[in-house]
Amino acid sequence: MTNLILRDLVKRYGDTEVLHSINLTVDEGEFVVLVGPSGCGKSTTLRMIAGLEEITEGTIEIGGRVVNNLEPKERNIAMVFQNYAIYPHMSVRRNIGFGLKTAKLTKDEKNARIDEVAGILGMTDLLERKPAQLSGGQRQRVAIGRAMVRDPAVFLFDEPLSNLDAQLRTQMRLEIKKLHTRVGRMMIFVTHDQVEAMTLADRIVIMKDGYIQQIGTPAEVYHAPANTFVAQFIGAPAMNLMEAQGTGHGVKLWNGAEISVPGLSIPAGRSVTFGIRPEDLKSDATGVLSGTVTVAEPLGSETLVYVDVDGHEINATAPGRTPPKAGDKISLSLSGEDAHLFDTASGQSLRLS
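Here the residue index of a chain counts from 1 through its sequence in written order. Local features are withheld for residues below a pLDDT of 70 in this predicted model, meaning they are given only at 70 or higher, and side-chain atom pairs are given and counted only at 80 or more; totals for whole chains, interfaces and linings count all residues. To obtain the side-chain values, all non-hydrogen atoms of the structure were used and water was disregarded.

Engineer: Quick question: what am I supposed to make of the packing of aromatic side chains here?
Structural biologist: Pairing of aromatic rings covers Phe, Tyr and Trp, the last through its six-membered ring, and needs centres within 6.5 Å; plane angles under 30 degrees mean stacked, over 60 mean edge-to-face, and all others mean tilted. What the rule picks out here adds up to five aromatic pairs. With centroids separated by 5.0 Å and ring planes inclined at 55°, the aromatic side chains of tyrosine 87 and phenylalanine 98 adopt a geometry described as tilted. You can see tyrosine 87 sitting in the loop between β6 (77–80) and α2 (92–97) and its partner phenylalanine 98 sitting in the loop between α2 and α3 (107–120), a full eleven residues away along the chain. Residue burial is assigned from relative accessible area. The probe radius is 1.4 Å, only protein chains are included, and a residue is buried under 20% of its type maximum, exposed over 50%, and partly exposed in between. Among the residues examined, tyrosine 87 registers a relative accessible area of 31% and is labelled partly exposed. The interplanar angle of 20° and the centroid separation of 6.4 Å between the aromatic rings of phenylalanine 155 and phenylalanine 157 together place this pair among those described as stacked. A relative accessible area of 2% places phenylalanine 155 in the buried class. One aromatic cluster is present, built from ring pairs that chain together Phe31, Phe155, Phe157 and Phe189. Here, over-ring charges are defined by two tests on the NZ atom of lysine or the CZ atom of arginine: distance to the ring centre within 6 Å, and angle to the ring normal within 35 degrees. Over the ring of tyrosine 222 we find arginine 277, and its NZ or CZ is 4.0 Å from the ring centre. Here a helix means four or more residues in a row that DSSP labels H or I, a strand means two or more in a row labelled E, and each is numbered from the N terminus.

Dropping the structure here:
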């Protein structure tokens, strides 16, 4: 059984520490996505796993073997890069087969492996073409094929979809998901796009400023965010965060509205941050949040509305067919069961503490 373990991983450039004690275990066959804003350390972590960045402190184990001092080719991993990294003068067949250059296989065995991978990726008819004759999505499949042909224990993807247009990104996400199901190998995927993270991952590792903020399934990080950063980073549109104070049995919002929050006892007067997802706000004449719609963004099946409530901008969703318009007065109701509460000073979830 091949698993990957990162223990107390640290990376420094001179006196500047950019990764701080990263700990993570990835099981065989698992699809894990590292996600976070630019500069959070996700690509550096991936490159350290690959052996392309030197480790300052800590250990990396692959299949029970510490690989800190092993060359990339000795780690039984394959990496797919953002810019494809395929050779323009080589055919698709030769590009895919390049991953077998040092393999101790006969020519017939190599061709059989290339044909098998091309079949899985739907590229059998393209094997004699050059990269200039391929679309962006096809080029990315060639890069994936070159990784697959080696049959590695671990696949590493460094933002492989960022150069594709929106439609191709959606298509390639589906293809990578199908590929994972078919080959059953461990995959570690880096992206700054939370939609990619949510749709691809078995588990998501959310990073910020070189620290892991939360590790969990897509459902866990969405419905039970560990802190206010995760709450706003995961989800589009982002969670609404509002100032509030505890009342003992619930909270009082900045506008005086009192909300009962089941399962939590918050001391009266304690400052907290109250969070609510836009889809959990309902248009209701008796709602506790009343204001004016400033912008309505039609999205087809639903409409995203921005509501000015006493100087606070609140995001909510409305029906796609009969949405409110800019300038309309609207009241929004909510349930305390849908609420997320965070400590104001630390930003940490009070439900998870």
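Engineer: Is there a simple way to think about the side chain of serine 349 in this case?
Structural biologist: On the secondary structure map, serine 349 appears in the segment after β20 (340–343). Of the polar contacts made by the side chain of serine 349, one reaches the backbone nitrogen of arginine 351; its length is 3.2 Å. Contact partners of serine 349, with chain neighbours within four places excluded, come to Pro225, Ala226, Asn227, Leu341 and Phe342. Think of a polar contact as two N or O atoms within 3.5 Å of one another; within protein, one of them needs to be a possible hydrogen donor and the other a possible acceptor, and neighboring residues in sequence only count if both atoms come from side chains. Here, two residues are considered to be in contact whenever any of their heavy atoms come within 4.5 Å of each other.

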